[in-house]
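Topology and contacts: notes
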Amino acid sequence: MHLEPYQTKVNNELVHSLHKYSDLAQQYGTPLYIFDEESFRERVYNFKNALENPYFETELLFASKSVLTLAIAKLISEYGIGQDVVSAGEIFTGKKGGVQPSKMYFHGNNKLDEELAFAVDQEVGTIVIDNRMEADRLNNILEQKGKKQRALLRLNPGVEAHTHEYIKTANLDSKFGESVFDEKIEDIIESIYNYDNIDLAGLHCHIGSQIFDSESFIKAADEMLHFAQRIQTNLNIPIREINFGGGFGVYYTEEDKPFDIAEFLPNFIEHVHEKSTEYGIQLDKVTIEPGRSLVNNSGSTLYTIGDIKQTVGGKKYAFIDGGMTDNIRPALYQAEYEAALPNKINEPVKETYTIAGKACESGDVVINNIDLPQVETGDLLLVNGTGSYNYSMASNYNHIPIPAMVHIDGEKSYLTVKRQSFEDIIANNIL
Ligand SMILES: Cc1ncc(COP(=O)(O)O)c(C=O)c1O
Ligand SMILES: N[C@@H](CCCC[NH3+])C(=O)O
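Parameters and conventions
- Residues numbered from 1 in each chain as written.
- Chains lettered and ligands numbered in written order.
- Predicted model: local features only at pLDDT ≥ 70, side-chain atom pairs only at ≥ 80, totals over all residues.
- Heavy atoms only, no water.
- UniProt positions renumbered as here; feature names shortened; annotations may be inferred.
- Phe/Tyr/Trp six-rings, centres within 6.5 Å; stacked < 30°, edge-to-face > 60°.
- Helix = DSSP H or I, 4+ residues; strand = E, 2+ residues; numbered from the N terminus.
- Buried < 20%, exposed > 50% of the residue type's maximum accessible area, 1.4 Å probe, protein only.
- Lys NZ or Arg CZ within 6 Å of the ring centre and 35° of its normal.
- Contact = heavy atoms within 4.5 Å.
- Near = heavy atom within 4 Å.
- Polar contact = N/O pair within 3.5 Å; in protein donor to acceptor, adjacent residues only side chain to side chain.
- Areas by Shrake-Rupley, 256 points an atom, 1.4 Å probe, with all protein chains shown as cover.
- Nonpolar A, V, L, I, M, F, W, Y, C, P; charged D, E, K, R; others polar.
- 1 Å grid on protein atoms, 1.4 Å probe; cavity = no way out; pocket = protein on both sides within 12 Å on 5 of 7 lines; lining within 4 Å.
- Points joined across faces, edges and corners; volume = space filled by probe spheres on them.
- Expected span 1.5 Å × (residues − 1).
- Arc of directions from axis to C-beta.
- Pairing = 2+ DSSP bridges.
- Core = buried A, V, L, I, M, F, W, Y, C linked by side-chain atoms within 4.5 Å.

The name that an unreviewed UniProt entry assigns to the chain is Diaminopimelate decarboxylase, with the source organism given as Ruoffia halotolerans. The UniProt entry for the chain carries the following comment under Sequence similarities (unreviewed entry): "Belongs to the Orn/Lys/Arg decarboxylase class-II family. LysA subfamily." Listed under Function (unreviewed entry) in UniProt, the entry text for the chain is "Specifically catalyzes the decarboxylation of meso-diaminopimelate (meso-DAP) to L-lysine."

The following block contains the structure:
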């Protein structure tokens, strides 16, 4: 078996600060979600820079389903980016953290009446209508309140994105949006446009998540612009904004080859400009709403190794004090991660381990077969690339408390989410 030098297994962005981790573990305990503000700021800056252009207004929105806490919401508002929300809960948290509702885009395939009413009352800037029934319900709510609401319609452009089945969103049977291939699509758009209380500003699409083929985004843009031309020509309805969603792939392991956003986005914007000019569409605004690619590699999770077990079948387990309750992705999507032992960073690789969590579930494995130096009880294990869809998908299965979260910024660290207590877990129980 050939084992590579240990350091190459570590995501570059976090290598420089490996020495900090034992201090953080001492101060905050483990398991611990760690969020690096410096790299997040840098990514926001790169995205914003790459969107600048002389043709139309652009806005960067953060898909807050990927991770949302009051502290993250505060950063979003400080960095002047908008928020993609998918529930009244996300609107509530975003606003509490300082995001202006006018900078929110409200998505979701079954927004409840209460949620729509809440969004309208909070003066959420844009509601992304998912389907014809929702448009009808929204208009009724607006009529009752005597209000007008800016909206986009979510379309499914039918672009095939090569990603995990569960995180594809634009195949023909997707539950999201209305299809451009629906024979009633023009009627649907016309009736939404004609509602007195809905200001239909344009269209939205999102073709899936963790996508590495930049061509898929170009194809989706072509489809959307072509469709916008059809709507403009056949219905005389102007499309002023297109929101192209998120979905840019990120690095988890060596198999992932993300494209460079700073290179891709200016070309994408240029392409959108050229195509919209060719089709005679006067776009005022273009929006994108990445989640994962803004935060994933700013996040890591620090665990403590507990027991180590050699099975009769020959597998060597190193158990951690967390697992699928703080990171469901390996169990849900066979997602892969890299990890390191911060206190043994210079030691040579010794053995292959399976990193398993403590939940009562055989599938509670965070990393299958990772080569590490000799792992001992009490070692710290740092799993990289957990900044998105980890905290936001955490659960209390087995009544395991959700870990604390700490933000680091250079030498500074501060707690942003307290570790759950057992009392917190049963806070809503009634005896
Ligand atoms: C509508 C919408 N926008 C944005 C996102 C963010 O995706 P990602 O985190 O892959 O950038 C998602 C999630 O897939 C989504 O459903
Ligand atoms: N939660 C998924 C992505 C879903 C994106 C939201 N539509 C993940 O962890 O990869």
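Focus on the packing of aromatic side chains
The tally for this structure, following the rule as stated, stands at 16 aromatic pairs. Seen in terms of ring centroids, phenylalanine 217 and phenylalanine 259 are 6.1 Å apart; in terms of plane orientation they differ by 65°. Their pairing is edge-to-face. Remark: phenylalanine 259 occurs in the loop between strand 9 (241–243) and helix 10 (261–279) and phenylalanine 217 occurs in helix 9 (residues 214–235); sequence separation between them is 42 residues. Comparing phenylalanine 217 with phenylalanine 259 shows no difference in burial state: the two are buried. Site record: aromatic cluster; members linked through ring pairs are Phe47, Phe217, Phe244, Phe248, Phe259, Phe264 and Phe268. A cation over a ring is seen here: lysine 111 above phenylalanine 106, with NZ or CZ 5.6 Å from the ring centre.

Some words on the UniProt feature "binding site: substrate" (unreviewed entry) in the chain
Under the local residue numbering, the UniProt record ascribes the feature "binding site: substrate" (unreviewed entry) to Arg292, Arg329, Tyr333, Glu361 and Tyr389. For this annotated set, covering 98 residues, the C-alpha atoms extend up to 26.8 Å from each other, a dispersed arrangement in space. When residues no more than four places from it in sequence are discounted, the contact partners of arginine 329 are Tyr252, Arg292, Gln334, Ala335, Tyr337, Ser388, Tyr389 and Asn390. With respect to the element layout, tyrosine 389 can be found in the loop between strand 16 (380–384) and strand 17 (404–409). The exposure class assigned to tyrosine 389 is buried, which follows from its relative accessible area of 15%. Residues in contact with tyrosine 389, not counting those within four places in the same chain, are Lys65, Ser66, Arg292 and Arg329.

Notes on the site of ligand 1
Taken together, 15 residues surround ligand 1, and among them His206, Ser209, Glu289, Arg292 and Tyr389 come closest. Measuring from an oxygen atom of ligand 1, one finds a side-chain N or O atom of lysine 65 at 3.3 Å. Arginine 292 has a polar backbone atom sitting 2.8 Å from an oxygen atom of ligand 1. Contact with the protein chains removes 93% of the 390 Å² of surface that ligand 1 exposes when unbound. Looking at the shell around ligand 1 residue by residue, the classes come out as 3 nonpolar, 7 polar and 5 charged.

Notes on the site of ligand 2
Around ligand 2, 7 residues are found, and the nearest of them are Arg292, Arg329, Tyr333, Tyr389 and Met393. Interatomic distance of 2.9 Å between a side-chain N/O atom of tyrosine 333 and a nitrogen atom of ligand 2. Look at ligand 2: alone it shows 310 Å² of surface, and the protein chains cover 84% of it. Tallied by class, residues from the shell around ligand 2 come to 4 nonpolar, no polar and 3 charged.

Digging into the side chain of glutamate 338
When you line up the elements, glutamate 338 lands in the loop between helix 12 (329–333) and strand 13 (339–340). Of the polar contacts made by the side chain of glutamate 338, one reaches the side chain of tyrosine 251; its length is 2.8 Å.

Things to note about empty space enclosed by the protein
Per the counting criterion, the structure on display carries 2 cavities of 30 Å³ or more. Of the volumes computed, that of the largest cavity is approximately 60 Å³. If you go around the largest cavity, the residues you meet are Tyr33, Ile34, Phe35, Val67, Gly299, Ser300, Thr386, Gly387, Asn390, Tyr391 and Met405. For the lining of the largest cavity, the secondary-structure elements that each account for two or more residues are strand 1 (32–36) and strand 11 (299–310). Residue contributions to the lining of the largest cavity peak at 3 residues, all from strand 1. Looking at the lining of the largest cavity, its residues break down into 6 nonpolar, 5 polar and no charged. If you add up the space inside the second largest cavity, you get close to 40 Å³. Along the walls of the second largest cavity sit Cys205, Phe217, Ala220, Phe244, Phe248, Phe264, Phe268 and Ile288, which together make up its complete lining.

Observations concerning helix 7 (residues 132–145)
For helix 7, built from 14 residues, the straight-helix expectation of 20 Å at 1.5 Å per residue is met to within 8% by its first-to-last C-alpha distance of 20 Å. Glu134, Ala135, Leu138, Asn139, Ile141 and Leu142 are the residues of helix 7 that are buried. All buried residues of helix 7 lie within an arc of 165° about the axis, which places them on one face of the element. Away from its buried face, by an angle of more than 90 degrees, helix 7 presents the exposed residues Met133 and Gln144. Where helix 7 starts, the residue carrying a side-chain oxygen 3.0 Å from the main-chain nitrogen of methionine 133 turns out to be asparagine 131. Immediately beyond the C-terminal end of helix 7, within one or two residues, lies glycine 146, with a positive phi of roughly 65°.

Topic: the pairing of strand 1
When you tally the buried positions in strand 1, you get 5 out of 5 residues, the bulk of the element. What you see with strand 1 is no split at all: Leu32, Ile34 and Asp36 on one side and Tyr33 and Phe35 on the other are buried throughout. Of the pairings in the sheet, the one linking strand 1 to strand 17 comprises 5 bridges and is parallel in character. The residue bridging phenylalanine 35 from the neighbouring strand is histidine 407, located in strand 17. Here 4 bridges tie strand 1 to strand 11, and the two strands are oriented antiparallel to one another. Note on strand 11: the bridge partner recorded for phenylalanine 35 is glycine 299.

Details of the nonpolar core
Counting residues in each nonpolar core, the largest one holds 84 residues, and the members touching the most others are Phe244 and Leu265. For this core, the element with the most residues is helix 9, which contributes 10 residues. With near-sequence residues (within four places) excluded, leucine 265 lies in contact with Phe47, Ala50, Leu51, Phe248 and Ile288. One finds Ala339, Ile370, Leu372 and Leu381 within the second-largest nonpolar core, a separate group that totals 19 residues.

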